[in-house]
Amino acid sequence: MNSGGSNSMLSSASASGNNSQAPGLKTYFKTQEGKYKLQYEKTHPMGLLHYAHGKTVTQVTLAHLKDKPVQTPTQASSSLGVSSGVRSAAARLLGGANGSKALGFVGGNGGGKPVSGTTTRIGSLGSSSSSNLIGNQNFDGKGSYLIFNVGDAIFISDLNSQDKDPIKSIQFSNSNPVCHSYEHDSKDGHDLLIGLNSGDVYSASLRQQLQDVGKKLLGAQHYNKDGFINNNRCTCIAWVPNGDGTFVVAHSDGNMYVYEKHRDGSGDTFFPVIKDQALFCVSHARYSKNPVARWHMCQGSINGLAFSPDGSYLAIVGRDGFLRVFDYKKELLHCGGKSYYGALLYCAWRKVLVFCHSMTSFLYIDGKYILTGGEDDLVQVWSMEDKKVVAWGEGHNSWVSGVAFDPYWQPPNSDDVTENVVYRFGSVGQDAQLLLWDLEMDELVVPVRRAPGGSPTFSAGSQSAHWDNACPANTLTLRPAPSMRDVPKLSPLVAHRVHTEPLSGLNFTQDSILTVSREGNIKIWMRPSSSDAQSTTSDSFASANSNERSSQSGKVSSSVHKQ
């Protein structure tokens, strides 16, 4: 999962200490395919939060552990036995339960027993040297998990358990974790990346963390220790698809570093001085150590990044309000464009989930469109083929902090996802709303008439307003913001207030939609069941007849569900 928007200074707000619904919030919302219901919530123990909690914004990473881990020398010395076997790709994505009973929260007994092993001190996380690691017997080496940061800790929750508290916490004493990423197809044990506010970066094995109930990060590799290479805040971190252990880390100074987890963690710090902050440039390390390269992407902070499904292209959004798309392998700027106003905070590629006939593997394909969201309260739909914005989404009342395509959704009565001409995507914002959108190809042909009062709201306190007049060096490749009257406007299918506090992200799974607030409260909204879909179809038919009669009387019905 990419991480973005964490650089914005948000006003502090107190988090709810329980999972009860606040007055005015509904536990469901409706779409044409049925009713989405709030199934359960995830949160964190309020008593364990550090005083610096309000200085970070919660991001969520979804991780699916396979049955049989690949053992490495580091992992084998302290790993417990795990169950083996073959599960289908659908089950790995969200099908079955996580196996055994959920673990007790960290510090509990949990039925664990001492296991022989040795670990070493990891950076300044605190001493984890011990001859006896407390093993967890309940963990069977498989399942779906939510990884999220709050304050000075990383929390891990069992996605398929309705327990609201996390099953594991990892505390950091040197700095707050602000971004993280998980690699589903890692060839060795290290599949989890964590970036800190201090610029430090760690790679570790998620499975190894779950096998122990302690609060220390175990068996981790430390990069950019104490910010030695770059002491600016990590803003986003991501594995390179098909990169064989390569990952990238973006910082708040506009630089991105490329690392290879198989190389030494400490490396060449003597990259050339950047003479022009407005120019894109790539520098390679002189020695075969980490980081192997530095990409200077933009002037100001990199707020979000995302790789295309095949890893060929890299999209970034920044404080200067530009989307930039790079040819990652050729290390060249491919295309890009400007927001309507202010900074861009998040970006996401379009992905389509395709199962093989054996149902034992899946492929992400396409990558035709990129979504962006930011301080102009708009959702942009960018076409890679046309190299321009092809639609605006208007509906949020504040900054858009998260966007994502829904790779699992199919239009009603559609059996072939490769033939779809309608795409579903979602967005969340600081207005605490979840918006769902349907992108129809026909809407991209003729611009839709501008709705009354449809211009974006301008946040007077924007820290990025002074970037609006900034002009990057490569104006031929980067497009200016188009006139809003020349771009089709999309209206949301659903606009639903899902939290009481501003939202920071969303995820789509096979069975649900996950929304997360900046305070670390996560809600799981289950997709409509087949019975709900049939009921909705009947209601829609009845409603259509009613609307037809109403239209004869001069009445017009709204197409947007306000929850």
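To keep things clear, this report deals only with the structure shown in the data block. (Residues numbered from 1 in each chain as written. Predicted model: local features only at pLDDT ≥ 70, side-chain atom pairs only at ≥ 80, totals over all residues. Heavy atoms only, no water.)

**Quick look at the overall build of the chain**
Assigned secondary structure in the chain consists of four helices and 35 strands. Put simply, the chain has 563 residues, and 57% of those count as buried. A separation threshold of at least 6 residues defines the contact pool for the chain, and within that pool the share at least 24 residues apart is 65%. Surface accessibility of the chain: about 23,500 Å² in total, with carbon and sulfur atoms responsible for 49%. (Helix = DSSP H or I, 4+ residues; strand = E, 2+ residues; numbered from the N terminus. Buried < 20%, exposed > 50% of the residue type's maximum accessible area, 1.4 Å probe, protein only. Contact = heavy atoms within 4.5 Å. Areas by Shrake-Rupley, 256 points an atom, 1.4 Å probe, with all protein chains shown as cover.)

**Some remarks on the packing of aromatic side chains**
Under the defined criterion, the tally for this structure stands at 18 aromatic pairs. Within the aromatic cluster, the residues linked to one another by ring pairs are F280, W295, F307, F326 and Y328. Lying across the ring of Y28, K35 places its NZ or CZ 4.6 Å from the centre. Here the basic side chain of R350 rests over the ring of Y423, its NZ or CZ set 3.5 Å away from the ring centre. (Phe/Tyr/Trp six-rings, centres within 6.5 Å; stacked < 30°, edge-to-face > 60°. Lys NZ or Arg CZ within 6 Å of the ring centre and 35° of its normal.)

**Quick word on the sheet that holds strand β3 (residues 60-65)**
Sheet architecture is open: four strands sit in the order β3-β6-β7-β8, paired in antiparallel fashion. Since the sheet does not close on itself, it has two edges, and those belong to β3 and β8 (168-171), each with one partner. In this sheet, neighbouring strand axes are inclined to one another by 20° on average, regardless of whether the strands run parallel or antiparallel. Sheet topology note: the strand β6 (residues 143-150)/strand β7 (residues 153-158) ladder contains six bridges and is antiparallel. Within β7, the position partnered with V150 by the bridge is A153. (Pairing = 2+ DSSP bridges. Axes fitted to C-alpha atoms, helices over the stretch in contact; angles between N-to-C directions.)

**Some words on the environment of N507**
In this structure, N507 sits in strand β32 (residues 503-508). Under the relative-accessibility criterion, N507 is labelled buried at 14%. Separated by 17 residues in sequence, N507 and I524 place their C-alpha atoms 9.5 Å apart.

**Considerations on unusual backbone geometry**
Note that the residue after N290, namely P291, is joined by a cis bond; omega there is -10°. Along the chain, the position of P291 falls in the loop between β16 (281-284) and β17 (293-296). Of note in this structure, D377 is not a glycine but carries a positive phi near 65°. Within the fold, D377 resides in the loop between β23 (362-374) and β24 (378-383). In this structure D377 comes out as buried when scored by relative accessible area, which is 2%.

**Structural notes on the pairing of β17**
The two faces of β17 match: A293 and W295 on one face and R294 and H296 on the other face are all buried. Two strands pair when backbone bridges link them, and β16 and β17 are joined in this way by four bridges, in the antiparallel orientation. Along β17, the bridge assignment pairs C281 with H296.

**Here we look at the pattern of salt bridges**
By the definition in use, this model includes seven salt bridges. The partner of D406 in a salt bridge is R527, and the shortest N-O contact between them spans 2.9 Å. Residue D406 is found in the loop between β26 (400-405) and β27 (422-429), and its partner R527 is found in the loop between β34 (522-526) and α4 (530-551); the two are separated by 121 residues along the sequence. Taken together, the salt bridges that share partners define one network made up of E33, R424 and D438. (Salt bridge = Lys/Arg side-chain N within 4 Å of Asp/Glu carboxyl O.)

**Points about the sheet that holds β34**
Strand order in this open sheet of five strands is β1-β2-β34-β33-β32, and the pairing throughout is antiparallel. In this open sheet, the two strands that pair with only one neighbour each are β1 (28-31) and β32. The sheet shows a mean angle of 25° between the axes of neighbouring strands, direction not considered. Examined bridge by bridge, strand β2 (residues 34-42) and β34 share five bridges and lie antiparallel to one another. Looking at β34, one finds that K37 is bridged to M526.

**Some details on the nonpolar core**
Core analysis: the biggest nonpolar cluster contains 22 residues, and V248, M256, M297 and L305 have the highest contact counts within it. When contributions to this core are tallied by element, the ones reaching two or more residues are β13 (234-239), β14 (246-251), β15 (255-260), β17, β18 (302-307), β19 (313-318) and β20 (322-327). Of all the elements, β18 adds the most residues to this core, at three residues. (Core = buried A, V, L, I, M, F, W, Y, C linked by side-chain atoms within 4.5 Å.)

**Topic: the pairing of strand β28 (residues 433-440)**
Within β28, seven of the eight residues are buried, which leaves it mostly tucked inside the rest of the structure. Pairing geometry for β27 and β28, over seven bridges, is antiparallel. Of the residues in β28, the one forming a bridge with V428 is L434. Counting the residues between successive antiparallel strands, the hairpin from β27 to β28 contains three residues, one of them, A432, with a positive phi of roughly 65°. Strand direction decides the pairing type here: β28 and strand β31 (residues 494-497), joined by four bridges, are antiparallel. Looking at β31, one finds that L434 is bridged to H496.

**A word on the environment of A293**
As for its position among the elements, A293 is in strand β17. Each C-alpha atom, one on A293 and one on E260, is 10.0 Å from the other, the two residues being 33 residues apart in sequence. In this structure A293 touches M256, Y257, V258, F271, S283, H284 and A285, once residues within four positions along its chain are discounted.

**Description of the environment of F326**
Considering the arrangement of structural elements, one finds F326 in strand β20. Distance from F326 to F307, taken between C-alpha atoms, is 9.5 Å for residues 19 residues apart in sequence. The residues touching F326, leaving out its near neighbours within four places in the chain, are F280, W295, M297, S312, Y313, L314, I316, L332, L333 and H334.

**So, the side chain of D376**
Considering the arrangement of structural elements, one finds D376 in the loop between β23 and β24. Within the buried core, D376 has no salt-bridge partner, and the shortest N-O distance to an opposite charge, that of K338, equals 7.8 Å. Among the polar contacts made by the side chain of D376, one reaches the main-chain amide nitrogen of L378 at a distance of 3.1 Å. (Lys, Arg positive; Asp, Glu negative; His and termini not counted. Polar contact = N/O pair within 3.5 Å; in protein donor to acceptor, adjacent residues only side chain to side chain.)

**So, the state of the cysteines**
Counted by the stated rule, this structure contains zero disulfides. With no disulfide of its own, C179 has C234 as its nearest cysteine by sulfur position, at a separation of 5.2 Å. Residue classification places C179 among the buried residues on the basis of a relative accessible area of 0%. (Disulfide = S-S within 2.5 Å.)

By themselves these figures say nothing about function.
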